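Breakdown of the fold
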Amino acid sequence: MTPAILPGQPQLAYRDDELFLEGVRLADLARSHGTPLYVYSKGAMLAALAAYQRGFQGRKALICYAMKANSSLAVLQVFAQAGCGFDIVSGGELLRVIAAGGDCAKVIFSGVGKTRAEMRQALEAGIACFNVESEAELEVLNDVALSMGQRAQVSIRVNPNVDPQTHPYISTGLKGSKFGVAHERVLQTYRRAAALPGLRVVGIDCHIGSQITQELPYLDAVDRMLDLVQDIEAAGIALQHIDFGGGLGIDYNADTPPAADTLWTHLLARLDARGFGDRQFMVEPGRSLVGNAGVCLTEVLYLKPGEEKNFCIIDAAMNDLPRPAMYQAYHAIIPLSSNAPAPVASWDVVGPVCESGDWIGHDRELAVQAGDLLAVLSAGAYCMSMASNYNTRGRAAEVLVHEDRSSLVRARETAQTCFAGEILPAS
Ligand code: LLP
């Protein structure tokens, strides 16, 4: 069979009927490390990053990887070594940045519920900026910074009230959302921030949602942001940077998001036209840097043909891959060997967890038999980072591949690790 490039997964291809990620045969990894197994391509991550870097060429820009998408240390190390900053949402994520060798001076801290302890921790580490999400948070951050004799650098996350046209659970820039400061309160919030002695206003921030596959919501958000920048600066408050958040979608199932370089060329043209092209830009991409760099390998445990449905029971479940159960998300599922002798049939691909919601794919045409190995595609983002121990299932192992090399970067959890922190009360 001639090598075929699979949609959205440039580093993934069949060679002589066997699926490879970069130069590594995936079946070999499944055999040596067991399944379920996450495998990530360093080359794919760097290629995705390069598209952003091309888009921002010649500009003052900082790409802060939104590490909630995949916070495994080996993944963070790839981006840290490539010069990225990080968008964090917890003190725990900050510790991961430090553990992976990231630069705290390139860290921005997002999220609606930062605790005082997390603010202190971030100030001690010397992060670049807090993306403040409410007036109440401004007051608390001011207090914490003053108590440490510091000034916290802040940008305010504004809610531009733009519809990103994506799944409602991952839309964040609409009026009814818990995120950001409402458009009409932005100016007074900036005035308050500028008056607080423990804060230094440095920028403005927005993030309108995730898995955005069209350019228009971004263009609308840029226009609304720039209107606000004009108003804020007219009030005498200078803004050094403009942060456009993350949100760019990936190809899961014939989705056609714009390429990052194309999108940014267009957005920067709009910024230039309005006279803001020389600002420092920040972006917080997550999914578009890692989503299509990863696959989850799984073994078929049992086939259970039925009258209404055929079930293909695999050893990966909703605790490993929560996106289908949570968002009815589609992930392509393909065999590791493309010359399977079994007849093609339609299968609901499900996991062993005791919930009807534990499915990975509905109505998939597959030629499978028990013992076969499958790959769940586009599994680099929001899969392992959202995995749980539900049903006392240890989380999967992870492997990073580059060219023809592979390294185990996370050991498989055992049942013992799942309950290691639990304490039986004296009876
Ligand atoms: N910045 C902020 C403030 C965010 O809240 C997010 C994602 C990002 C950046 C990165 O967005 P991305 O480039 O990855 O779209 N679990 C969901 C996605 C949740 C997104 C949460 N915020 C999923 O699996 O689809």
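Cut-off values and rules
Residues numbered from 1 in each chain as written. Predicted model: local features only at pLDDT ≥ 70, side-chain atom pairs only at ≥ 80, totals over all residues. Heavy atoms only, no water. Helix = DSSP H or I, 4+ residues; strand = E, 2+ residues; numbered from the N terminus. Rg over C-alpha atoms; globule rule 2.2 N^0.38 Å. Contact = heavy atoms within 4.5 Å. Areas by Shrake-Rupley, 256 points an atom, 1.4 Å probe, with all protein chains shown as cover. Lys, Arg positive; Asp, Glu negative; His and termini not counted. Charge placed at Lys NZ, Arg CZ, Asp CG, Glu CD. Near = heavy atom within 4 Å. Polar contact = N/O pair within 3.5 Å; in protein donor to acceptor, adjacent residues only side chain to side chain. Nonpolar A, V, L, I, M, F, W, Y, C, P; charged D, E, K, R; others polar. Domains from an automatic or database assignment. Salt bridge = Lys/Arg side-chain N within 4 Å of Asp/Glu carboxyl O. Buried < 20%, exposed > 50% of the residue type's maximum accessible area, 1.4 Å probe, protein only. Disulfide = S-S within 2.5 Å. Core = buried A, V, L, I, M, F, W, Y, C linked by side-chain atoms within 4.5 Å.

Another aspect to go through is the overall build of the protein chain. Across its full length, the protein chain carries 12 helices and 22 strands. Rg of the C-alpha trace for the protein chain: 23 Å, near the compact-globule value of 22 Å for 427 residues, within the 12% margin. Summarising its shape, the C-alpha atoms of the protein chain cover approximately 70 × 65 × 40 Å along the three principal directions. Expressed as a percentage of contacts within the protein chain between residues at least 6 apart in sequence, the contacts between residues at least 24 apart total 68%. Counting only carbon and sulfur atoms, one obtains 51% of the accessible surface of the protein chain, whose full area is about 17,700 Å². The distance from the centre of the 35 positive side-chain charges to the centre of the 47 negative ones in the protein chain is 6 Å.

This paragraph deals with the site of the ligand. Taken together, the neighbourhood of the ligand is formed by 17 residues, with S210, E284, R323, Y327 and Y382 sitting nearest. A distance of 3.4 Å separates an oxygen atom of the ligand from a polar side-chain atom of K68. For the ligand, a nitrogen atom lies 2.6 Å from a polar atom in the side chain of E284. Here the residues of the shell around the ligand are counted per class, giving six nonpolar, five polar and six charged. Counting only domains with at least three residues in the shell around the ligand, you end up with domain 1 (5-41 + 291-418) and domain 2 (110-285).

Bringing the pattern of salt bridges into the picture now. Throughout the structure, instances matching the rule amount to 20 salt bridges. R192 serves as the salt-bridge partner of E139, at 2.6 Å between the closest nitrogen and oxygen. Here the residue E139 occupies a position in helix α6 (residues 135-147), and R192 occupies one in helix α7 (residues 186-195), the gap between them amounting to 53 residues. Owing to a relative accessible area of 40%, R192 belongs among the partly exposed residues under this scheme.

Attention now goes to the state of the cysteines. For the structure shown, the criterion picks out zero disulfides. For the unlinked cysteine C129, the closest cysteine sulfur is that of C64, found at 9.2 Å. With no disulfide partner, C354 has as its closest neighbouring cysteine sulfur the one in C418, 15 Å distant.

Attention now moves to the side chain of E398. Turning to its location among the elements, E398 is positioned in strand β21 (residues 397-402). Polar side-chain contacts of E398 include one of 2.5 Å to the side chain of Y40. There is a polar contact of 2.8 Å between the side chain of E398 and the side chain of S72. Those residues in contact with E398, other than ones at most four positions away along the chain, are L37, Y38, Y40, N70, S72, M384, S407, L408, V409 and R410.

The biggest cluster of nonpolar side chains holds 102 residues, and the ones touching the most others in it are Y65, F79, F86, F130 and I204. Considering every element that reaches this core, the biggest residue donor is helix α8 (residues 216-234), with nine residues. Counting residues domain by domain, this core receives three or more from each of domain 1 (5-41 + 291-418) and domain 2 (110-285). With near-sequence residues (within four places) excluded, F130 lies in contact with F109, K114, M119, A122, L123, L141, A152, Q153, V154 and S155. If you look at the next biggest cluster of nonpolar residues, it comprises 23 residues, including A27, A30, V39 and L377.

A few words now on the environment of V89. Tracing the chain through its elements places V89 in the loop between β7 (85-88) and α4 (91-99). In sequence terms V89 and G113 are 24 residues apart; their C-alpha atoms lie 8.8 Å from each other. Other than its neighbours up to four places away in sequence, V89 contacts K68, F109, S110 and G111.

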